[in-house]
There are 2 protein chains.
Amino acid sequence: MTIYAVAERARVSIATVSRVLKGSSVVTESTRQKVLDAVQELEYTPSGAARSLAERRHHTLGLVLPELGGPYYAELLAGFETKAAELRQGVMLVIAKAEGHGGDAIRALATRVDGIAFLGRDVERVRRSGKKLVLIAADSLPGVEVISTENIAGARRLTEHLLAHGRTRLLFVGDPDAAHDVRERYEGFVLAHHDRGLEPAQPVLAPFRESDGQAVAERLIAGDLEADALVCGNDELALAIMARLLGAGVDVPRDIAVVGWDDVMTARYVRPGLTTVRQPVRDVGALAADRLFHLVTGSAKAPERHVLPTEVVIRGSCGCTRTPSADPEPDLYPIPTPHPSKVRSR
Amino acid sequence: MTIYAVAERARVSIATVSRVLKGSSVVTESTRQKVLDAVQELEYTPSGAARSLAERRHHTLGLVLPELGGPYYAELLAGFETKAAELRQGVMLVIAKAEGHGGDAIRALATRVDGIAFLGRDVERVRRSGKKLVLIAADSLPGVEVISTENIAGARRLTEHLLAHGRTRLLFVGDPDAAHDVRERYEGFVLAHHDRGLEPAQPVLAPFRESDGQAVAERLIAGDLEADALVCGNDELALAIMARLLGAGVDVPRDIAVVGWDDVMTARYVRPGLTTVRQPVRDVGALAADRLFHLVTGSAKAPERHVLPTEVVIRGSCGCTRTPSADPEPDLYPIPTPHPSKVRSR
DNA sequence: TTGTATGCGTTATCAC
DNA sequence: GTGATAACGCATACAA
């Protein structure tokens, strides 16, 4: 089923069919209708490959993610896809876990898209493709577009909040070397300490899975680690740690405060509610698609660096108190009252 | 930068370059090396469009999802992408919320992929494309490959569990008309009642967002609705309802039991833990990609119907008691399931 | 083993 | 307005 069949059926040339399909205004309404009818009757579906070859454009944007766990990446992807669809661009996704044959996948991706938005380590893999590029949550790189969020400032505010609570032995949990944004969060942690003339502790290295959180909690319980407040690299980590501590009889936040990063759904369901930082993840994805598109179409000036704002979300785990209520309150927890909530079974 | 440039640089014909790139074994090692060097030096990236046109295959699978909220779709997508990558196929994603210009997006998708895996309503949109097709979580359709999970049996077991607890006034919360799998879950709810000669109540219609859960909770609190057990269409709904009830002083599960569906992360962090049903979502995605690929390559026999097993996850919200522990226990809870479930095809 | 030539299905540039 | 026809960049049957 090609454009020739349609042309024949409609008794016109393939050029005319092409014009109609591309919405050219020069075509007469009557012939236009003939073509459309033929298309309908033949259930004609054009070949994207042939079209791309002729137009020298794929009308497709690529997105490379390191994984798809947790709500973060899904949100990002949703924002990216939505914006791309708006721009009438397709979306190709590849999950490139640390190396593996992910290199192949990225190479293959490069053959079918006009540009690539990349989130992960080893940017070189993508740079070599020579495609238009947008980096997400990455360090600045001369000449390339980068989109990130206010990690440093956010972490600084969050840490300061803990210090303002009178906490003195803060620990940062997470691996600054694992990802650039984690590094920045630790940086904010450090800066908040310096603001008060304090000396920040070294980070407690931990990957981002729940099991790693458990391990950290054990060390805390065993006395191997000491702290009265934990600034965790993300919510999964914070939640896992908090749960384990609570299970061991440690009072959070009285004995130890715990805060996270991302504001996942669970954060507002647990007790105490998890104090964390919210990022406009969806916007990051949308912006990436938008910038990439403009880079591709040439309507973008010089590469820019975008930093989107973050917002500290105060709940109970940092030591703030509020009205006991089991409602999930997605947004505001404004009321600081003397009594922390306790909803527990048995 | 085309294959011609590479050929010229390596002083061979484009045919040879093509052979090397496709890994043909007939090429001499020495010329192979020359070509590879040229490719390297020129940073040559082939045109996927030209390749697809010549081969008449996109080496790309399409996935259509209705949205990307919650862990369900992300998991599915992860499974799909992983399997596709394994099969060396690219993945194009389109989110087609109820109609909108989603029709356009699907049409456009059809021009660039070899087959489409579809999850959502209005299957016709995709069928018209004439592409190879795999339906996910959909009703049976003659001649079409369908992949779903054991919704009926799972819901039946879950409901029976509640009845066995001595609950007598069960309510199903969710809209059976919203999605096929929800319909099946209600069906299982009904069957469990019939098993005991009981008359099931009509479903309490509610979409799947947390806010809808709140509304249902309010009706319960106001006495507008009466029940001693709630079977919810998914976890978000169940969690929102449970939180609101607890906040209003209702004792869950003593006064009213609440169970969900999906086993999201939050389910094991809240107290009481949410009893729910786990589906092998990732496997569903992987199977979809695998079947679609075999449909495309012709190595698949007749279209089949696949039903993957579900598993009831017992926690506290159904009325079961267990050791109070704040640990998140991601995996193992003793599961009193009368019938071992298994994968079925027909 | 390597090169030549044709086809893949559109778009776009010309004529008409 | 519409119709030939030359790209578009690669794969591959056929020659050599």
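Description of the structure in this document. Bear in mind that the values here come from a model prediction, so they are computed numbers and not experimental data. (Residues numbered from 1 in each chain as written. Chains lettered and ligands numbered in written order. Predicted model: local features only at pLDDT ≥ 70, side-chain atom pairs only at ≥ 80, totals over all residues. Heavy atoms only, no water.)

1. Side note on the packing of aromatic side chains
Residue and element names in this part refer to chain B.
Argument step 1. Under the counting rule described, the total for this entry stands at eight aromatic pairs over all chains.
Argument step 2. A centroid spacing of 5.2 Å and a plane angle of 65° characterise the contact between Phe172 and Tyr186, whose relative ring orientation is edge-to-face. Linking Phe172 in strand S6 (residues 170–173) with Tyr186 in helix H9 (residues 180–195), this pair joins segments that are 14 residues apart in sequence.
Argument step 3. What makes Phe172 buried here is its relative accessible area of 1%.
Argument step 4. Relative to Phe189, the ring of Tyr186 has its centre 5.7 Å away and its plane inclined at 20°; by these criteria the two rings are stacked. With a gap of three residues between them, Tyr186 and Phe189 both fall in helix H9, about one helical turn apart.
Argument step 5. Taking the relative accessible area as the measure of exposure, Tyr186 reaches 14% and is therefore buried.
Argument step 6. When its relative accessible area of 0% is taken as the criterion, Phe189 is described as buried. (Phe/Tyr/Trp six-rings, centres within 6.5 Å; stacked < 30°, edge-to-face > 60°. Helix = DSSP H or I, 4+ residues; strand = E, 2+ residues; numbered from the N terminus. Buried < 20%, exposed > 50% of the residue type's maximum accessible area, 1.4 Å probe, protein only.)

2. Regarding the pattern of salt bridges
Argument step 1. Taken as a whole and judged by the stated rule, the model has 44 salt bridges over all chains.
Argument step 2. A salt bridge links Arg185 of chain B to Asp181 of chain B, with the nearest nitrogen and oxygen atoms 3.5 Å apart. Taken together, the residues span about one helical turn, with Arg185 of chain B and Asp181 of chain B both in helix H9 at a distance of four residues. Judged on exposure class, the residue Arg185 of chain B and its partner Asp181 of chain B are both buried.
Argument step 3. Ionic pairing is found between Asp255 of chain B and Arg254 of chain B, a salt bridge with its closest N-O pair at 3.2 Å.
Argument step 4. Sharing partners across several salt bridges, the network here consists of Asp263, Arg278, Glu311 and Arg315 of chain A. (Salt bridge = Lys/Arg side-chain N within 4 Å of Asp/Glu carboxyl O.)

3. Some words on the sheet that holds strand S7 (residues 229–232) of chain A
Residues and elements named next belong to chain A.
Argument step 1. As summarised here, the arrangement of the three strands in space is S6-S7-S8, forming an open sheet in which the pairing is parallel. Each edge of the open sheet is held by one strand with a lone partner, namely strand S6 (170–173) and strand S8 (257–259). Between one strand and the next, the sheet's axes are offset by a mean angle of 15°, whatever the strand orientation.
Argument step 2. Note: S6 against S7, four bridges, orientation parallel. Note on S7: the bridge partner recorded for Val173 is Cys232.
Argument step 3. Packed on one face of the sheet, helix H8 (residues 151–164) meets S6, S7 and S8 and runs near 170° to S7. (Pairing = 2+ DSSP bridges. Axes fitted to C-alpha atoms, helices over the stretch in contact; angles between N-to-C directions. Contact = heavy atoms within 4.5 Å.)

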